[in-house]
Amino acid sequence: MAKERVTDIVERLAQPIAEAQHVELVDVEYKKEGANWYLRVFIDKPEGVDIDDCSRVSEQLSEQLDIVDPIPTAYFLEVSSPGAERPLKKPADFVRAVGEYVHISLYEPLDGQKVFEGFLRSYEETQLTLEVRIKTRTKEVVIPTEKIAQARLAVQL
């Protein structure tokens with residue numbers, strides 16, 4: 001059996017905590033930056049999260065991490081809002097983002113491009129449709145979901 005990833009373990013621990021606090025678990029990251037490791041847990045709710053939400057989730061998750069101890073090295077635990085450029089990972093994230101301005105990165109080029117920004121016009125399980133602006137014209141691009149490497153909300157400049 002393959003060794004379970006740290007992010008999967010943390011997600012499994014954090015999900016019931018988030019639900020009990022009436023917040024959504026958006027994402028879990030575990031990465032090294034410089035000499036330090038960071039475990040980042042992103043939570044949200046429709047009206048936005050505040051410092052108290054983050055603190056409650058952090059305290060409860062920290063207790064669970066001390067019990068399960070899935071990370072052998074020292075790390076910093078951060079619980080926060082995903083911010084204005086929230087990642088889109090689950091189908092529900094994409095459905096909620098229809099009509100929003102998004103940034104999509106692909107595994108391989110589509111029509112010679114690997115990065116698209118525009119308004120998400122529709123989402124289906126197998127594809128999404130973006131309305132992108134190229135110079136002075138607008139066009140729709142249909143992107144197969146299996147080609148998406150990363151997706152997030154974007155701030156339109």
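Bear in mind that the values here come from a model prediction, so they are computed numbers and not experimental data.

Rules of the game
- Residues numbered from 1 in each chain as written.
- Predicted model: local features only at pLDDT ≥ 70, side-chain atom pairs only at ≥ 80, totals over all residues.
- Heavy atoms only, no water.
- Pairing = 2+ DSSP bridges.
- Helix = DSSP H or I, 4+ residues; strand = E, 2+ residues; numbered from the N terminus.
- Axes fitted to C-alpha atoms, helices over the stretch in contact; angles between N-to-C directions.
- Contact = heavy atoms within 4.5 Å.

**A closer look at the pairing of strand S5 (residues 113–123)**
Two strands pair when backbone bridges link them, and strand S4 (residues 101–110) and S5 are joined in this way by six bridges, in the antiparallel orientation. Across the sheet, Val-102 pairs through a bridge with Gly-118, a residue of S5. The hairpin turn running from S4 into S5, its antiparallel successor, is two residues long, and Asp-111 in that turn takes a positive phi close to 55°. Of the pairings in the sheet, the one linking S5 to strand S6 (residues 127–134) comprises four bridges and is antiparallel in character. By the bridge assignment, Phe-119 is partnered in S6 with Glu-131. What sits between the antiparallel neighbours S5 and S6 is a turn of three residues.

**A closer look at the sheet that holds strand S2 (residues 36–44)**
With mixed pairing, the three strands of this open sheet are ordered in space as S1-S2-S3. Edge positions in the sheet fall to strand S1 (24–33) and strand S3 (76–80), since each has one partner strand and no second. Averaged over all pairs of adjacent strands, the angle between their axes in this sheet comes to 15°, without regard to strand direction. Summarising the sheet, S1 and S2 pair through nine bridges and their orientation is antiparallel. Bridge pairing in S2 links Glu-33 to Asn-36. Strands S1 and S2 of the sheet are contacted by helix H1 (residues 6–20), whose axis makes an angle of about 145° with S1. Contacting S2 and S3, helix H2 (residues 51–68) crosses the sheet at an angle of about 145° to S3.

Purely geometric numbers; function is a separate question.
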